[in-house]
Amino acid sequence: MSEKDLTEVQQQDAAYAGLAEELAKDAAVPEALKVLAEDARVTVRRGGAPARGKAVVYWMQRAQRGRDNHALDKAVDVANALGLPCVVYFACISNFKSANLRHYAFMNEGLRDVEEECKARGVGFVMRRPPDEDHLRFFADVDAAMVIGDENPMRAPEQWRKHVAEKLKIPFWTVDADVVVPSKLLEKAQFSAAVARPRLYRALPEFLVPYANPNAQHEWKKPRGLLTDDPKLDITRGWVDFDRSVEPVAAWKGGHHAAVKRLKVFIAKMLESYDRDRNKPETDGTSKMSPYLHFGNISTMTILLAVDEAVEQAVGAEKAHLQAARDSFVNEIVTWRELAVNFVRYQPEYDSPKCADNWARETIREHDLDARERMYSLKVLEAGHTYDDLWNAAQRQMVDYGWMHNYMRMYWAKKIVEWTPNVSVAMKVAIHLNDKYELDGRDPNGYAGIAWSMLGKFDRAWFDRPVFGKRRYMSGASTGKKFDSGAYVRRWGGSQGLF
Ligand SMILES: Cc1cc2nc3c(=O)[nH]c(=O)nc-3n(C[C@H](O)[C@H](O)[C@H](O)COP(=O)(O)OP(=O)(O)OC[C@H]3O[C@@H](n4cnc5c(N)ncnc54)[C@H](O)[C@@H]3O)c2cc1C
């Protein structure tokens, strides 16, 4: 393929590969660093030799955890190789798009665990809030020798990393700590789960290996007078233009400790029947790891290694059950999750109908303006006041509990297509509600799930019908028969009497 046939992201990947090659040849770069850069998880965004600084900084964005974190491990390894201390920097901005008090409260709890875990490894942790959160200022304040970041394929965080790479005068590498198989290795947009699955599974033995979790050899000591904030306090205090309309959910506690606690419950009680129960929204049958994964409080690898250990220790019939459940779980947490990351990474229009495949575009063009039997305003949808008790219950689960069951998410999104004037409006409504209320919202999985439900992304053509055209349809009657929908509606509350 010639240079001009490459997409913008592929050109960027090629440019970063070029920087890595230059680094490998750069006589000024210590050999130990060259070896550390030869890791498929590393992207060299700014090359060259480290400055004569006083610390190596890990600028933490997505992977908000102080253990089992490849980016932190790399920063510690680099710091140890340079004989420097390592400090984690977290810039707590107040205006992350669609994030509100519910999300910030969860993140706040997680940051306390990060601080504690970093301390145990001899690594510093500094959080700053507006108006003091400027990254470049922090790197200068601690006299950084080089900066390590993590990866997040979403538009805004990727722009921030590009901006930092342009402005920095010291080396800047990022480490893909979010997925099992480094996302750049898939090289291009994957057409379907069937295409991505074998590539991902083939790479698992190479990448699914326990973390090293090295300790810092030179403990970081906070320089006198360095400006830091305290994650033990409310990180939103004093913010005036901040959305407090969505309250935290008492049932959810953020952070690595809470994630590990829930993971243990899942493995002990639910894993064995995961393959049979994962489509039963009335039961607590799935891992509920998604909010923790979204905030990086736990990694997919930590989860998978624990699941594999449980399978390993089982015997007889239990082992066979667990193996089948494990395979079903891996299909979700590896295939579908990493496909979502690939989708957002390589598809710039991930949140618009423009990302639909050709067959779907055609059927959307034919049916997008078909007459709808019912239409609801955003206000009615948000309040869960439609005629459909099952849908209302799903909406309430999301609003009240901050998390909706996967099976209901598909139904929920598809109904919005039926109840809004066209798919463009439908996507905007779904993204708005999903990102506002779900603790795991604003995530590649959300954009992929909405595109799957509303645009047939990663799906195939079905029978032609009004409004949906050839996109897969889910009717209330048949969906409601596939599980104990009565129990689900009783649990989350159905219609509020307004039709
Ligand atoms: C319309 C729609 C919107 C969605 N919005 C989000 C969202 O905002 N954030 C989010 O994390 N997920 C979203 N999903 C995907 C999925 O519904 C959730 O990840 C899952 O329900 C989380 O519950 P769990 O952790 O118990 O999943 P489990 O069944 O225990 O699976 C374990 C992990 O695998 C991954 N996973 C499971 N199902 C999917 C899937 N269909 N696609 C991608 N990854 C998956 C998740 O990381 C999940 O935590 C959406 C799906 C749809 C159809």
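What counts and what doesn't
Each chain carries its own residue numbering, running from 1 in the direction its sequence is written. Since the coordinates come from a predicted model, pLDDT governs what is reported: local features require at least 70, and pairs of side-chain atoms require 80 or more to be given and counted, while whole-chain, interface and lining totals use all residues. Note that water and hydrogens are dropped before the side-chain values are worked out from all heavy atoms of the structure. Between the rings of Phe, Tyr and Trp (Trp by its six-membered ring), a pair exists once the centres lie within 6.5 Å; its type follows the angle of the planes, with under 30 degrees stacked, over 60 edge-to-face, and the other angles tilted. Each helix corresponds to a stretch of at least 4 residues labelled H or I by DSSP, and each strand to a stretch of at least 2 residues labelled E; elements are numbered beginning at the N terminus. In this scheme, a residue with accessible area under 20% of its type's maximum is buried, one over 50% is exposed, and one in between is partly exposed, where area comes from a 1.4 Å probe on protein chains only. Ring-over charges, as used throughout, are those where CZ of Arg or NZ of Lys falls within 6 Å of the ring centre and within 35 degrees of the ring normal. DSSP-based pairing: two strands are paired if at least 2 bridges between them are found. Nearness is judged by heavy atoms alone; a residue qualifies as near a molecule or strand once a single heavy atom is within 4 Å of it. The term polar contact refers here to a pair of N or O atoms within 3.5 Å; inside protein, the definition further demands a hydrogen-donor-capable atom paired with an acceptor-capable atom, and it admits residues adjacent in sequence only when both atoms are side-chain atoms. Shrake-Rupley sampling with a 1.4 Å probe provides the accessible areas, and residues are treated as covered by the protein chains on show and by no other component. When residue character is reported, Ala, Val, Leu, Ile, Met, Phe, Trp, Tyr, Cys and Pro are called nonpolar, Asp, Glu, Lys and Arg charged, and the others, Gly included, polar. Each domain's limits were defined by an automated method or a database of domain assignments. Our arc is simply the arc of the directions from the helix axis toward the C-beta atoms. Contacts between residues were defined by any pair of non-hydrogen atoms, one from each residue, lying within 4.5 Å. When the strands point away from the viewer, a crossover counts as right-handed if the route from the first strand across the helix to the second turns clockwise. UniProt positions are given in the numbering used here, feature names are shortened, and annotations may be inferred rather than shown by experiment. Salt bridges are identified by distance alone: a Lys or Arg side-chain nitrogen within 4 Å of an Asp or Glu carboxyl oxygen. The buried area of a pairing is the accessible area, by a 1.4 Å probe, that goes missing from both parts when the two are put together, added over both.

Draft legend 1. Highlighting the packing of aromatic side chains. Counted according to the given criterion, the structure contains 27 aromatic pairs. Their ring planes at 40 degrees and their centres at 5.2 Å tell us that Phe266 and Phe329 sit as a pair that is tilted. Of this pair, Phe266 sits in helix α8 (residues 256-270) while Phe329 sits in helix α12 (residues 316-346); the two residues are 63 residues apart in sequence, bridging distant segments of the chain. Exposure class is identical for Phe266 and Phe329. Each is buried. Each residue in the set Phe106, Trp252, Tyr292, Phe295, Tyr401, Trp403 and Trp492 is aromatic and connected to the rest through ring pairs, giving one cluster. Lying across the ring of Tyr350, Arg155 places its NZ or CZ 4.5 Å from the centre. When the ring centre of Tyr387 is taken as origin, the NZ or CZ atom of Arg374, which lies over that ring, is 3.6 Å away.

Draft legend 2. Region of the structure containing the pairing of strand β1 (residues 42-46). For β1, the tally of buried residues reaches 4 of 5 residues, placing the bulk of the element in the interior. Looking at chain direction, β1 and strand β6 (residues 172-175) are connected through 4 bridges and run antiparallel. Bridging from a neighbouring strand, Arg46 pairs with Phe172 of β6.

Draft legend 3. The arrangement of the site of the ligand in detail. Taken together, 26 residues sit near the ligand, with Tyr274, Thr286, Ser287, Lys288 and Asn406 positioned nearest. In the environment of the ligand, an oxygen atom lies 2.7 Å from a nitrogen or oxygen atom belonging to the backbone of Lys288. Contacts to the ligand include Arg409, whose side-chain N or O atom sits 3.2 Å from a nitrogen atom. Contact with the protein chains covers 95% of the free accessible surface of the ligand, which is 830 Å². Those elements that place two or more of their residues in the shell around the ligand are α10 (290-294), α12, α16 (406-419) and α18 (444-455). Partitioning the shell around the ligand into residue classes produces 10 nonpolar, 10 polar and 6 charged. Two domains share the shell around the ligand, each providing at least three of its residues, namely domain 1 (1-346) and domain 2 (353-492).

Draft legend 4. Quick look at helix α20 (residues 485-492). Of the positions making up α20, those classed as buried are Ser485, Tyr488, Val489 and Trp492. The buried residues of α20 occupy an angular sector of 95 degrees when projected down its axis, which confines them to one face. Seen from the buried face of α20, the exposed residues on the opposite side, beyond 90 degrees, are Arg490 and Arg491. At its buried positions, α20 is contacted by α15 (389-401), α16 and α19 (476-481). Positive phi appears at Gly493, one or two residues downstream of α20, with a value of about 85 degrees.

Draft legend 5. View of the pairing of β6. Of the two faces of β6, the one carrying Phe172 and Thr174 and the one carrying Trp173 and Val175 are both buried. Where strand β5 (residues 144-150) meets β6, 4 bridges bridge the pair, whose relative direction is parallel. Within β6, the residue paired with Gly149 across the bridge is Thr174. For the crossover from β5 across helix α6 (residues 155-167) to β6, the handedness is right-handed.

Draft legend 6. Highlighting the UniProt feature "domain: Photolyase/cryptochrome alpha/beta" (unreviewed entry) in the protein. Following the UniProt record, the feature "domain: Photolyase/cryptochrome alpha/beta" (unreviewed entry) maps to residues 54-183 here. Annotated as residues 54-183, this span is 41% helix and 21% strand, and its ends, taken at the C-alpha atoms, are 32 Å apart.

Draft legend 7. Highlighting the pattern of salt bridges. If you walk through the whole model with that rule in mind, you get 35 salt bridges. Here Arg278 ties to Glu332 by a salt bridge, and the two come within 3.0 Å at their closest N and O atoms. Note that Arg278 is positioned in the loop between α9 (274-277) and α10 and Glu332 in helix α12, a separation of 54 residues in sequence. What makes Arg278 buried here is its relative accessible area of 16%. The salt bridge partner of Asp459 is Arg472, with a shortest N-O separation of 2.7 Å.

Draft legend 8. Focus on the domain arrangement of the protein. By domain assignment, the protein separates into domain 1 (1-346) and domain 2 (353-492). Opposite the 37 residues of domain 1 that make contact, domain 2 presents 34 residues. In total, domain 1 and domain 2 occlude about 3000 Å² of area from one another, counting both sides; carbon and sulfur atoms represent 65% of this. For the pair domain 1 and domain 2, the number of links is 1 salt bridge. Arg62 is paired through a salt bridge with Asp443; the nearest N and O atoms lie 3.2 Å apart. At the boundary of domain 1 with domain 2, the tally comes to 15 residue pairs in polar contact (both at pLDDT 80 or more). Breaking the side of domain 1 that touches domain 2 down by element, the ones donating at least two residues are α4 (101-120), α10 and α12. For the side of domain 1 that touches domain 2, the leading source of residues is α12, giving 7 residues. Of the residues that constitute the side of domain 1 that touches domain 2, the class distribution is 19 nonpolar, 10 polar and 8 charged.

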